[in-house]
Each structure stands twice: as structure tokens, then as C-alpha cells.
Amino acid sequence: MKKKAGITITILVYAFFAVMIAFLIYVGGNYPTGADTMCHIYKGDVLYHSIRQGNWYPLYDSFWYNGVQMMRYWAPLPVYFLAFCQMAVGGNDLDGYLLFVALVFYLGALIWLYIGHKKGRLRMGVFMGILWFFLPNNLFALFVEGNLPRSLSMILLPLFIYYICEYLFEEDAKALCKVVPVFAGIALCHVGYAGMILLAMLLFLLMYRILSHRSGKCIPALISMILPFLIIGIWLYASLKGGITSTDSSQVMKGFFQDAVISLNPLRRLTNGNTEFYFGFAAFAVAVFGSICSKRQSMVGFWAALLIFVCTTTSMYTVLEKLPGSQYLWMLRFISIALVMILYSFLLWRSLKKGFVIACCLLLLADCIPSLSLVWHGAGKTTAEENMQINSDASLITKAREVTKQRAALLDGSTLGAMAPYLLTDYDGKQTRGTFGAGWQSAATARNIVELNEAVERGFYPFLFDRAVELGNDTVLIRISELKEKEKDVECVSRAAKEQEFYLEAQNDSYLLFHRDMYPAFGTIGNYDGLAIGTSAATLTYSYPDITRGESDDLNDYSFAELSGYRVIYLSGFSYRDKDKAEKMIKKLSDQGVRVIISGDGIPLNEKNGIRSFLGVTCQNIYFENGYPILYTGEEELDTELFDKENREWKTVYFNGLDREDGYLYDSGMKVAFSGTVYNENIVFVGLNLPYHYFLTQDQNVGEYMNRIMGDDLSGLPERTIVPLQITYSAHVIRIRSPRDGVNTSLAYHDIFQSRQKIDQEHTLTVVRRGVTAIRLHYPYLPQGLCMSLVGIFGYIWFCHNLLRKRGGRKKMSVERSTANTGTAS
């Protein structure tokens, strides 16, 4: 009875703590914080309003990224949880966020209380319940990264570890059956994080195998972690078709390693603020202490946690990057997994003397103190709503919302994180559509967005405004610090805007707001004189906006009729299935007057002989450092700028087999050609990676040479006609009325689109015919996902049946042995 009363009081104390956390954040006024927080709040708000209209699973949101599948590429459970929080507080999304934070603490604490109760370590469970939320890395995820899905999964993570350990150490088969729904819940919070947990558990099971000398339980434990991915297949299958899995995350992965000194130094938070991942000196010390002095059961978690810590250090990056799938090893994200192993192992360490227990607990608490400023900043002078209005006014987003008719592009370098798109599209109940958003992995227009960002950062302003129009933007908002030459480029970007009928609507010390008077809804018809084909060909389009990038990198995917409509074709990083057919088509095009420019660095490599060749021209490797030597073109010298500072070592090619050499240089006294023609004057080869050097440096002399190679066939900008449209949205249908054929609607094209009318895509945007086009939205890959879930569910039933049957068999054998022993004794 006394124990039950203590548990009840603890639950009430936890509730008080949860309310106080929300209250302190509210009083501070500086919330929500976190780079991605507003992204998740926005999704919760969209879902909340969709549910109110009877749509429990919105397939499409028209306000971000020219139309996005909001629920497809990000796990749905946090979105529903946030929508529930918003509903519980009466519909205000910011108040719903406060409830979310409170529940993350409260539910997580209850889980630890439950574990402590079940393990007969109630006081430790009570302590862990409070500590878990306030661990520096957990606060960092919630209030700095703004990773609400991962924070929500933290509630279930200790329960997952508990059930796994109950099976491994206590032979509780029922516990392993419970792992499956718990881990499925984690995967539905953040499937990527669930994958990281699975990898971390491989280390845990390895240490279990080494320290316990038992391996029979490892396979069932792994099965219990694989089955949840199958069970959620009805969502997961579609999620894996595209999104982050189709992007190269290798550079992102590199940023998730750091020096061990940074991860363990508690004083850096006092000098640098809470801006870095922090493993925790106290947690590390407890893990080292436990790995040496604890008993076998608790030792497993301590050693696994230390191995994970080692893998987060920069010295391990060079090792881990060589592993298959290494682009997803964002090791600093593994820290909380290591921390839960440490805390659970500490809870299991029954033999530790009371004095040492108290000392370790105090050390863990003390290590949390510098991070408490993430929760309490001091009493604020303004409310959260007032802070948002201040940010909206200062960034000219308020003005942008007033003038925008169809869509706005915010080029702010993510200075405001997810706050900027939220302020544009969802703040104060007023909605304005945007080309940008937050959580770019879910955007079908990710490549278009990269192009806009690249254009503003490198100073390709004519390209910027032309492609902004193609994306349906009548408003472009630019942060001055994002311009290539900052304030020096204000006049240049303003001139480029004016040439395309964008006028400076507003300006302050930090932002420029351009607007073009357009129809309330419009599309475009673009006519280009050039086509760029290949993985690296698009870099030329920035300097020559009249060139469009091709939809395929394979030459054999294009017909002669299609390509003959262009004046210039640029090939770099292209491929082919039939080389002979591709070469014949290029010759035929050149005979028809089409100028074909081929970058030697982008010619396909023959895997058998290691040679790059095309049309009888072969490429030879050559290396430069810092800059080119003297280049000769005809009778002139081509004086070039030094290489881009990030590309000082330049590996490139020159040519053998040209019919006429136009550009050459001397390498160790030998004359080698870097440009020229073959077959006729319309097929031009360019080496030394000159087009890419021009993209990086905008070297004027190289630019003049490239203009000469291009001839007079390209205009400055493509011919782009603005076409008025009528677009209406409902839960499952988009209706577009167009007065002309072949209109690019600027709506992102998705594989969930179905229409009886013919629809095409151009640059990942939807193209329609004349008349009314009704586009119906359908759930993606439903049959495949449903089959995957059914396999998972039946597999789970079989798995549990098999586990419990073996458990029953072992119990029966144990009883029989006991009876036999009793009979013998008699």
C-alpha cells in the first residue's frame, strides 16, 4: 500500500514538473526554438485542420514546395501527436507545442518509473524519469535541432531497451513479443532513427555475445527489430520510393562526427552556448566506471555505449565512410541511444554501493545544469506571437504576403530555419503559397530549389529570376547576405530583376523584396534554344539560361526529331545504351546545323579498358594545381583566373583524335589539344573542364571563349510566355483550366497524380493540355505496402507463437526434471 502511494505521488510530481516546464517556456516567450521545430508544427496544424474537414490522411499540401506529399516521406505518428496536442488546447498550434513538450517529459518519465518498478529499483526509476528529459543531448534534439519526431521516439526508447534486456538476461519471451509494437512505434516516429537504433543494437548484441558467451538469443532479438519495418509497410514502402533515399547524403553524414574533446567537454556550453552535440562527461565517466567494475548484465550496455561513442569521433569517419550505406551513419545522432544504454545499465547495477550510486547521480545531474538554459531563458518581454510578428516584419515576409498573388520564393539561406516558410504559409491564419518549405527531402522540386539557391549564392541573377517565374513565383525575397558579393551586388540583382519585369517592392538593411505583377494563377510556356544532357551538364545553364536541362541523361532516350528542334546541345556526364546509335544521331544532328558541344570530362568511361572516347576522340588525363598554364586559342593566349579555392587540385582531360585543334597548351614541352572539332564544324569538344571552371569562377576570359564556342545561337533568356490558369484544390482532386496546350503549371509533379486527361512533366513540374484537367490523388503503392504489412503481421503472429511455444516447452521440461529429482530423493 505504501509503495502504491509512493508511485501515485511520483506520478503527480511528474505532472507538476511537466506543467512547470511548459510554463517556464511560455513565460520566456522565446519559443518555439529549434531549427526544424516550425516544420513539424506546421504539419501538425495542416493535419489538425484537415481532420476538422473530415480528411484524416491528407495526401497533398499545396502551400510548400509547389505542392508536397506531406505525410509520405516523414513518419506520421509525430504529426498526429502534434495535431492531438493542438486539438487538446483548443486549436492554437503554439499552445499545442507547449503541451507536446510537457508530454514528452511526462510520458518519458512514466516509462522510467514503470521500468524501475518492474526491476525492483523504484527510486532509481524515479530519478531516471526526471533525468532522461534533461540530459543535454535530449534537450539539444528538442530545443536546438527542433527534431520533434526524434524527441517523441525518446519516450519509447527506454521501454525498447528494457524489453530487449528482459529477453536476453531474464529469458522472458513475452518481453520480446512486446519489442515489436514498441519498435514499430519508434519507427512511426522517425524511421531513420529506428534504423540507427537497429545498428546500435548490433553492437549491443555483439557485446552480449562476447560477455555472456551466448548467441542463440541474438537472432530472435534481431527478428523482433526487423518485423516492425514490415508491419508499417503500408506507409514505409511508399516512403522509401523517393524522398531522402533518392538523395546523396554522404556530405550530410560527414557533418555528424566531431572530436571527442568537444563531445566530452562540459565547459564548452558555458563559453560557446548549446550549439554542439554533447555526449556528456558524466555519462562517459559512469560508462567507463561501469565497464570496468560492474557485473556481467550491466556491463553489456556500458561497453556498447562506449563503442558508440568511439564511432562518433572524427577519426572514425574515414573508417565508417567506406562501409556500404555509410551515408546514413549520422553518428552524433546515436548519442541518445548510447545514453539510454548507460542509464539502463546503471539501473541494473545492483551491487554498486549506495555512496557510489549517489555520487554518480549527482554527477549526472550537475552535467545537465549548463543545458537548462535551453528550457529557461529568463522572463521574456514579448510573447511568442509578438516575436513572430517582429521576425515577419524584419524579414519583409509580412510585405511579401501582402503583394504575392500566386507564390513566393524566400531565398534567405535558411537563416530563420523553418520559421520563414511557416511565417509565409501558416502564420496568423493567413496562407501564401511558397516554392520553399522545410524538410526538403519530401520535395519533388528539390533539384529546382538547389538551382535557385545556387544561382543567388554564385551571382547568376538572370537565371534566378527566370527559373523563379517557371516555378510560378510572382514574388522573390532575397537576404542580402546571400548574394555573391553581398551589398555590392544589390544593384546587379536589381538590374537583372528589372530586365524580367520584377520591381523592388521593399528593401531594408537585410532583405530585398521583388515583385512582378501577374495573374492570380499562372503557368508558363518556355521555348529554349539549347539542351543540356548529362549529370554535370546543368552547370552550364546558369550562365546560359536559354539552355534547359534534359529529363534524361541517356542519349538513347532522345529522338532525332526531339533534339533537332534545338540550336545547341551540350553533353556532359551523359550515358548511352547503344554507343553506335548515339554517335550516328550526333552526326546527323550536326549535319542539320545543330551545334553539339561535348565536355571531355563528361564522356562515359569504358569500364573494360578505362578509356573515355566518343566519335573517335579519346581523352587523356592531365593534372593542374592552383590554375591552368598558359592556354592558346588560335593565335591568342587565353589568360585565366586561378581555380576556385575549394578546388585547387584539378584533375581533367585533353584530347587525341580531333580533326581540327582550336585550343592547346604545352605540358612538359609537349603540345596537347584541349578543344577542337571532329566530323564537321558543328561538333565541338571542350576539355580541361573549362565549363565547370567558368561556373565556379565566372572567369570573364573563359566566358568569352565559351561564347565563341557556342556561336551566336543562344539568346540571353528563353522565350517564356505567361499563361493565366484557374486552379482549384480539394482533398483528393486538383482541377486546372488552361487556355493553351503544353502549359507548365508550376505545380510539382507527383507519382500520386492520376488523370483521364494527358499530363506530362517538365523540370519536375506538371504540364497540362488545353481545357480542364482533373488530377486525382491516390495513395501511393497501396497494394505493395499492404502486402508488406500483411507479411509483417502474419510474421509477428508466427514469431510470438513460436517463442511462447518454446518457452512452454522449456517450462514443461523444467517441471519434469524437478519431479524426477524429487522421486529420486524419495
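Residues numbered from 1 in each chain as written. Predicted model: local features only at pLDDT ≥ 70, side-chain atom pairs only at ≥ 80, totals over all residues. Heavy atoms only, no water.

A. Representation of the overall build of the protein. Helix and strand content of the protein: 31 helices and 25 strands. Scaling as 2.2 N^0.38, a compact globule of 826 residues should have a C-alpha radius of gyration of about 28 Å, and the protein matches this with 31 Å. The C-alpha extent of the protein, read off along each of the three principal axes, is 110 × 60 × 55 Å. Going through the 826 residues of the protein one by one, you find that 56% of them count as buried. Sequence-distant contacts, at least 24 apart, represent 72% of the contacts inside the protein between residues at least 6 apart. If you sum the accessible surface of the protein, you get close to 35,700 Å²; carbon and sulfur atoms cover 56% of it. Averaging the positions of the 77 positive and the 75 negative side-chain charges in the protein gives two centres separated by 17 Å. (Helix = DSSP H or I, 4+ residues; strand = E, 2+ residues; numbered from the N terminus. Rg over C-alpha atoms; globule rule 2.2 N^0.38 Å. Buried < 20%, exposed > 50% of the residue type's maximum accessible area, 1.4 Å probe, protein only. Contact = heavy atoms within 4.5 Å. Areas by Shrake-Rupley, 256 points an atom, 1.4 Å probe, with all protein chains shown as cover. Lys, Arg positive; Asp, Glu negative; His and termini not counted. Charge placed at Lys NZ, Arg CZ, Asp CG, Glu CD.)

B. Spotlight on the pattern of salt bridges. As enumerated under the stated definition, the model contains 23 salt bridges in all. Here Lys 584 and Asp 580 are joined by a salt bridge, their closest N and O atoms 3.3 Å apart. A residue pair is termed a helical-turn pair when its members lie 3 or 4 positions apart in one helix, as Lys 584 and Asp 580 do in helix α28 (residues 579-591) at four residues. Residue Lys 584 is classed as exposed on the basis of its relative accessible area, which comes to 53%. Looking at Asp 580, the relative accessible area reads 43%, which means it is partly exposed. Through salt bridges with shared partners, a single network forms among Arg 660, Asp 662, Glu 681 and Arg 708. (Salt bridge = Lys/Arg side-chain N within 4 Å of Asp/Glu carboxyl O.)

C. Structural detail: the pairing of strand β19 (residues 726-729). Bridge count between β19 and strand β20 (residues 733-738): four bridges; the pairing is antiparallel. Residue Thr 728 lies in a different strand from β20, and its bridge partner there is Arg 735. Once β19 ends, the chain turns through three residues before running back antiparallel as β20. (Pairing = 2+ DSSP bridges.)

D. Fine view of the sheet that holds strand β2 (residues 475-479). Overall, mixed pairing links the four strands, which are arranged β1-β2-β4-β3 in an open sheet. Of all the strands in the sheet, the pair left with one neighbour each is β1 (408-411) and β3 (503-507). Shown here is a sheet whose adjacent strand axes are inclined to one another by a mean of 20°, direction ignored. Across four bridges, the pairing between β1 and β2 is parallel. Residue pairing across strands places Leu 410 opposite Leu 477, the latter belonging to β2. (Axes fitted to C-alpha atoms, helices over the stretch in contact; angles between N-to-C directions.)

E. Region of interest: empty space enclosed by the protein. Per the counting criterion, the structure on display carries nine cavities of 30 Å³ or more. Its volume calculated, the largest cavity comes out at about 100 Å³. In this structure, the largest cavity is lined by Val 104, Gly 108, Trp 132, Phe 133, Asn 138, Leu 142, Ser 151, Met 154 and Ile 155. At the level of elements, α4 (93-118), α5 (122-134), α6 (136-145) and α7 (148-170) are the ones that each hand at least two residues to the lining of the largest cavity. For the lining of the largest cavity, the element with the most residues is α7, which contributes three residues. Looking at the lining of the largest cavity, its residues break down into six nonpolar, three polar and no charged. (1 Å grid on protein atoms, 1.4 Å probe; cavity = no way out; pocket = protein on both sides within 12 Å on 5 of 7 lines; lining within 4 Å. Points joined across faces, edges and corners; volume = space filled by probe spheres on them. Nonpolar A, V, L, I, M, F, W, Y, C, P; charged D, E, K, R; others polar.)

F. Broad picture of the side chain of Gln 86. Relative to the assigned elements, Gln 86 resides in helix α3 (residues 77-88). With near-sequence residues (within four places) excluded, Gln 86 lies in contact with Gly 44, Asp 45, Tyr 48, His 49, Gly 91, Asn 92, Asp 93 and Gly 96.

G. Main features of unusual backbone geometry. The linkage connecting Tyr 31 with the following residue, Pro 32, adopts the cis geometry, with an omega of -5°. Topologically, Pro 32 is positioned in the loop between α1 (2-28) and α2 (37-52). Residue Leu 615 is not a glycine yet carries a positive backbone phi of 55°. Along the chain, the position of Leu 615 falls in the loop between β10 (613-614) and β11 (617-625). In this structure, His 763 takes a positive phi of about 55° despite not being glycine. Along the chain, the position of His 763 falls in the loop between β23 (759-762) and β24 (765-768). For His 763, a relative accessible area of 3% translates into the label buried.

H. Summary view of the pairing of strand β16 (residues 670-678). Among the nine residues in β16, seven count as buried, and that is most of the element. Both strand β15 (residues 660-667) and β16 contribute to a ladder of seven bridges, which runs antiparallel. Among the inter-strand pairings, Glu 661 is bridged to a residue of β16, identified as Gly 676. Here β15 folds back onto β16 in antiparallel fashion, the turn holding two residues, of which Ser 668 has a positive phi close to 55°. With four bridges joining them, β16 and strand β17 (residues 680-686) adopt antiparallel strand pairing. Each residue of the ladder has a partner; that of Gly 676, found in β17, is Phe 685. Following β16, the chain reverses through one residue before pairing antiparallel with β17; Tyr 679 in that reversal takes a positive phi of roughly 70°.

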